[in-house]
Amino acid sequence: MTDVPERMPLHRDFFDRPVVEVAPDLLGRTLLRHTPDGPIELRLTEVEAYDGEGDPGSHAYRGRTERNAAMFGPPGHAYVYFIYGMWFSLNAVCGPEGRASGVLLRAGEIISGAHLAAARRPKARSAHELAKGPARLATALDIDRTLDGTDLCRGGNAPLTLLHGTPPTPDRVCHGPRTGVGGDGAHHPWRYWIDGDPTVSPYRRHVPRRRATSAT
């Protein structure tokens, strides 16, 4: 790493704060992914906050499990989960240690290593779609459960690092309900995005799944 401020890893204290403070502050930060084929860098443009056991939308709402253990800390680590039997999603764990919370990294702009991301996302119709949504982001950056618990503050050749980057001005930060969250957590305005950025994913409200019924 260099001494250029934008290229320095975020300090662990950055993450050791309430999740609704960390989430909007992650916009404009740079996620550096070292893959076996080379580095990929992404500028974060959309995130969502999940506040653990106090948040009905969180994986940790019902307490600690083997799957969500990384959410309980320490802060500044990755929580990676598998969803719908097909996709992975990447979260940044926030503090304090022992109290689960995390920020879902929903979307971003690939600013370096676009050819590597495109090779993993051949169906993307443009560069703006390479990481437009959490599953696309994880696919483009070759992220899976093997990276669960990875230290995001270590720097160097670590597989994942969050760098200072260049945050947007406050007037460009928007917030609203989280995508696809139902029940009591549906209206928490904890989705944050950079206004007008073409890599931000479209908002979709939660649609309950219909349960199959047997014929009589």
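The present account deals with the structure reproduced in this document. Since we're looking at a predicted model, the values are computed, not measured. (Residues numbered from 1 in each chain as written. Predicted model: local features only at pLDDT ≥ 70, side-chain atom pairs only at ≥ 80, totals over all residues. Heavy atoms only, no water.)

**Some points on the overall build of the protein chain**
A count of helical and extended segments in the protein chain gives four helices and eight strands. Counted from the first residue to the last, the protein chain has its helices and strands arranged as α-α-β-β-β-β-β-α-α-β-β-β. Against the 2.2 N^0.38 benchmark of 17 Å for 216 residues, the protein chain shows a C-alpha radius of gyration of 17 Å, consistent with a compact globule. For the C-alpha atoms alone, the extent of the protein chain along its principal axes is close to 65 × 40 × 35 Å. Considering the protein chain as a whole, with its 216 residues, one finds that 49% of them fall into the buried category. Across the protein chain, contacts joining residues at least 24 apart in sequence account for 63% of those joining residues at least 6 apart. About 10900 Å² of surface is accessible on the protein chain, with carbon and sulfur atoms providing 51% of the total. (Helix = DSSP H or I, 4+ residues; strand = E, 2+ residues; numbered from the N terminus. Rg over C-alpha atoms; globule rule 2.2 N^0.38 Å. Buried < 20%, exposed > 50% of the residue type's maximum accessible area, 1.4 Å probe, protein only. Contact = heavy atoms within 4.5 Å. Areas by Shrake-Rupley, 256 points an atom, 1.4 Å probe, with all protein chains shown as cover.)

**Looking at the packing of aromatic side chains**
Per the stated rule, a full pass over the model turns up three aromatic pairs. Seen in terms of ring centroids, Y79 and Y81 are 5.5 Å apart; in terms of plane orientation they differ by 40°. Their pairing is tilted. Here the two residues Y79 and Y81 agree in accessibility, since each one is buried. Seen in terms of ring centroids, F82 and F88 are 4.7 Å apart; in terms of plane orientation they differ by 35°. Their pairing is tilted. Judged by relative accessible area, F88 falls into the partly exposed class, the value being 22%. Cation over ring: R17 sits above F14, and NZ or CZ is 4.7 Å from the ring centre. Of note, R191 hangs over the ring of W193, and the distance from its end group to the ring centre comes to 4.2 Å. (Phe/Tyr/Trp six-rings, centres within 6.5 Å; stacked < 30°, edge-to-face > 60°. Lys NZ or Arg CZ within 6 Å of the ring centre and 35° of its normal.)

**Here we look at the pairing of strand β2 (residues 38-50)**
In terms of burial, β2 is largely enclosed, as twelve of its 13 residues are buried. For strand β1 (residues 30-35) and β2, the ladder comprises six bridges, and the chain directions are antiparallel. Across the sheet, the residue bridging to R33 is I40, located in β2. Linking two consecutive strands that pair antiparallel, namely β1 and β2, is a turn of two residues. In this structure, β2 lies alongside strand β5 (residues 102-112), joined through nine bridges in antiparallel fashion. Its bridge partner lying in β5, L42 is registered against I110. (Pairing = 2+ DSSP bridges.)

**A look at unusual backbone geometry**
Cis geometry is found at the peptide bond from G73 to P74, where omega equals 0°. A cis geometry characterises the amide bond from G95 onward to P96, with omega recorded as 0°. With respect to the helices and strands, the residue P96 is situated in the loop between β4 (87-93) and β5. Unlike most non-glycine residues, D142 shows phi in positive territory, near 55°. Relative to the helices and strands, D142 is located in the loop between α4 (134-140) and β6 (160-163).

**Quick word on the environment of R29**
Checked against the element boundaries, R29 lands in the loop between α2 (19-25) and β1. Residues R29 and G108 lie 79 residues apart in sequence; the distance between their C-alpha atoms is 9.6 Å. Apart from residues lying up to four places away in sequence, R29 is in contact with L10, F14, L42, R43, L44, L163, H164, G165 and P167. A distance of 2.8 Å separates a polar atom in the side chain of R29 from the backbone oxygen of D25. (Polar contact = N/O pair within 3.5 Å; in protein donor to acceptor, adjacent residues only side chain to side chain.)

**As for the nonpolar core**
F15, L26, V103, L105 and L162 are the most contacted members of the largest nonpolar core, which totals 39 residues. Ranked by residue count, the leading element in this core is β2, at five residues. The residues touching V103, leaving out its near neighbours within four places in the chain, are V19, V22, A23, L26, V47, E48, L90, N91, A92 and C94. A60, M71, Y79 and L104 belong to the second largest nonpolar core, which has eleven residues in total. (Core = buried A, V, L, I, M, F, W, Y, C linked by side-chain atoms within 4.5 Å.)

Keep in mind that these numbers describe shape and distance, not what the molecule does.
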